[in-house]
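# Survey of secondary and tertiary structure
What follows is the residue order along each chain.
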Amino acid sequence: MKQYFCNPINFTYQYQFNQKENGFSLNREAADPSMILFRGKYYLFPSMTRGFLVSEDMVHWQQCPLKGVPLYDYAPDVRVLGDWMYFSASRRGEICDFYRTKDPESGVFERIPGTFDFWDPNLFPDDDGRLYFYWGCSNMTPIWGVELNPETMERIGEPVALIENHKNEYGYERTGENHHYDPSGSYIMQILKEQMAKAMGCRPEDVTDVTPAIQATPESYRPMLQAALSDNPYIEGPWMTKHDSRYYLQYAAPGTQYNIYCDGVCVGDSPLGPFTACPNNPYSYSPGGFLPGAGHGSTMEDKLGNWWHASTMRISMNHDFERRIGIWPAGFDADGELFCNQRYGDWPQAVTGHRQDPWAAPEWMLLSYGKTASASSCECQEKDASHAVDENVQTWWKAAGEDEAPWLLVDLGLCCRVHAVQINFADDVELADRLPEGAQLTGDPGRGRYIEERSFATRWFLETSTDGERWFKLGDWRNTDTDLPHNLVVWEDGIPATYIRLTIIDTAYHKPACISGLRAFGRGCGNAPAPVTDVEATRLDGMSMKVTWKEVSSYNEIASWNKPAMGYEVLWGHTPEKLYHNYRVFGKNQVEIRALMSNVKQYYVRIDAFNESGITEGKVFPVDAAL
């Protein structure tokens, strides 16, 4: 039986209170997913959720509380060793323990005392019974690897440096939004500005020099602080996969708060290398679309032989670590290259229950982008209803505070066959001046956090209409007791609709309703757009290229009328047959891609045009050398 999900996956992302100079930021977070198959079920462990997810089908996830292990340690790693699930997580500068269980849902874990400190762990049992361990999360140090004694979890031999910073050779390791570095927007810079603002009695945005704050830092920490303000990428989040006797060591770069957060992969013939970076890098990369980012993840083979990759997606508006979880089809091609398909990767995806094509095109098209949206109210023009249909998770509609019955309506323009609606709730909250009663901070002084333990409910109902007068209820969540921020409502057979209306009854903390995306999927009237045929792709330097194309109008000169393109999926790769990378764009006909590898001498591009009615593939073009 076919089932559907839509990234980001929908579960209760726990609210976090993060300590700041003048209160607490409040946002939801989950990241760094470890996804495995254990005893016939799928388990997914993300950071900072006080729990984990379990599923029989990878579509419906049940949230379970995590017990008996450190709840505030980052990047939980889980692996299967025989009959056991092994767990570890990390806290910088402290010795970290290992844990194991035969029944994670029982909450009973056996502790194995640790003997060394690590950050972003990954355990890997090889086929021959030997056990290896990888870790690393820094813009100063590499990814490390070492063999472990499977009985004691102690190190055998000295750690080996496996993956270093290559920001001058691998474009995807360059830090910053779209790989353009801006130190003023970094998380560390914001902390320093807050400290200076408190001392000076001004606003953080008015601080122009943070040198005194750096000098006030203990001398032993200054090199780390200065490195954090540099353009060095974070090399982090290792994950090992073995396939056909080869070892694929994956790692994340360059920073979780950027749209270009990604996973690279290096391949070797032994668990501790040496490793060579693959020409198909970064293999998990999704810089465009509604909710971008695809870094610090895990790769898993399911019960049926399908491969999947789970990674971190970014919002990073209320806090740099405001993040979500995505899952995409993955696999190995005939040459043994690891790939991940993120084309249209935040549109509904099918799980068929049998072996499936990882490159299958989406069944349903995006219908809501740029359409007319209206609402019962809005707080201000900068947060009006149009932001719910602009395909940007960092903008949203916000109802006025006095609106007791807020609603949001999208006019699709014409009657379409709607198969799914994704409802994305956003958080637009002011700083909290206190913690919930009885809550205690965990973490470094001045930078502690508290993960919310209380339960909330987000209540709403969804209606459609063909004429704006007669309304049909399609989903009613008024009596729910859960807080799910990324709901996907599916009607596999489809339903005719011109209008979609969402009415919000209640939200967490009873705050005004905020929607970053009321996204409709299905099939519109008319034809898919004409193909893109006029493309210029030029290598600007070893790590960048610029791609420009002629926008597809509503008329195809070959003699048939087509609807214009809504957007474009820019594909590229190091051979014409391996266009494994994508960058989705709306409202423009050019993009600069800064994620190339300087040692890959030739790249190829293809521009696919899409609208409400379908996708039209373009022609493959070689990327010209720089003039």
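Preceding block: the structure.
Read on for an overview of the structure. (Residues numbered from 1 in each chain as written. Predicted model: local features only at pLDDT ≥ 70, side-chain atom pairs only at ≥ 80, totals over all residues. Heavy atoms only, no water.)

### What about the packing of aromatic side chains?
One pass over the full model with this rule turns up 39 aromatic pairs. Taking 5.6 Å as the distance between ring centres and 85 degrees as the angle between the ring planes, the aromatic pair formed by Y344 and F610 counts as edge-to-face. With Y344 in the loop between β24 (338–340) and β25 (349–351) and F610 in strand β42 (residues 604–611), this pair connects stretches of sequence that are 266 residues apart. Judged by its relative accessible area of 0%, F610 falls in the buried class. Directly above the aromatic system of W239 lies the positively charged group of R79, at a separation of 3.9 Å from the ring centroid. Residue placement shows R100 over the ring face of W84; its charged tip is 3.8 Å from the ring centre. (Phe/Tyr/Trp six-rings, centres within 6.5 Å; stacked < 30°, edge-to-face > 60°. Helix = DSSP H or I, 4+ residues; strand = E, 2+ residues; numbered from the N terminus. Buried < 20%, exposed > 50% of the residue type's maximum accessible area, 1.4 Å probe, protein only. Lys NZ or Arg CZ within 6 Å of the ring centre and 35° of its normal.)

### A word on the environment of D608
Looking at the element boundaries, D608 is found in strand β42. Assessed through its relative accessible area of 3%, D608 is described here as buried. Of the polar contacts made by the side chain of D608, one reaches the backbone nitrogen of G618; its length is 3.0 Å. (Polar contact = N/O pair within 3.5 Å; in protein donor to acceptor, adjacent residues only side chain to side chain.)

### Comments concerning the nonpolar core
Y251, V547, W549, Y568, W572, I593 and V605 are the most contacted members of the largest nonpolar core, which has 47 residues in total. Excluding its chain neighbours within four sequence positions, the residues that come into contact with I593 are M543, S544, M545, V547, V570, W572 and Y583. Judged by nonpolar contacts, the second largest core, of 27 residues, contains I423, W460, I504 and I515. (Core = buried A, V, L, I, M, F, W, Y, C linked by side-chain atoms within 4.5 Å. Contact = heavy atoms within 4.5 Å.)

### What about unusual backbone geometry?
P8 follows N7 through a cis peptide bond whose omega is 0 degrees. With a phi close to 55 degrees, S316 is a non-glycine residue in the positive phi region. Topologically, S316 is positioned in the loop between β22 (307–314) and β23 (323–332). Here S316 falls in the buried class, since its relative accessible area comes to 12%. The phi dihedral of E391 falls on the positive side, at around 55 degrees, and the residue is not glycine.

### Let's talk about the side chain of Q342
Within the element layout of this structure, Q342 appears in the loop between β24 and β25. Excluding residues within four positions of it along the chain, Q342 makes contact with Y283, S284, Y285, S286, A294, W328, E569, N582 and R584.

### Points about the sheet that holds β24
If you walk across this open sheet you meet the 4 strands as β21-β22-β23-β24, and the pairing is antiparallel. Looking at strand neighbours, the two that pair on one side only are β21 (295–301) and β24, the edges of this open sheet. Here the strands of the sheet are splayed against their neighbours by 30 degrees on average, with no regard to which way each runs. (Pairing = 2+ DSSP bridges. Axes fitted to C-alpha atoms, helices over the stretch in contact; angles between N-to-C directions.)

### Brief notes about the pairing of strand β3 (residues 23–28)
In terms of burial, β3 is a largely internal element, 6 of the 6 residues being buried. With 6 bridges joining them, strand β2 (residues 15–20) and β3 adopt antiparallel strand pairing. Residue pairing for β3: N18 is matched across the bridge by S25. The hairpin turn running from β2 into β3, its antiparallel successor, is 2 residues long.

### A look at the pattern of salt bridges
Taken as a whole and judged by the stated rule, the model has 40 salt bridges. Taking the shortest distance from any N to any O, the salt bridge between R584 and D346 comes out at 2.8 Å. One end of the pair, R584, is in strand β40 (residues 581–586); the other, D346, is in the loop between β24 and β25, and 238 residues separate them in sequence. Relative accessible area serves as the criterion here: at 2%, D346 is assigned to the buried category. Taken together, the shared-partner salt bridges in this structure form one network comprising D346, E391, R519, E569 and R584. (Salt bridge = Lys/Arg side-chain N within 4 Å of Asp/Glu carboxyl O.)

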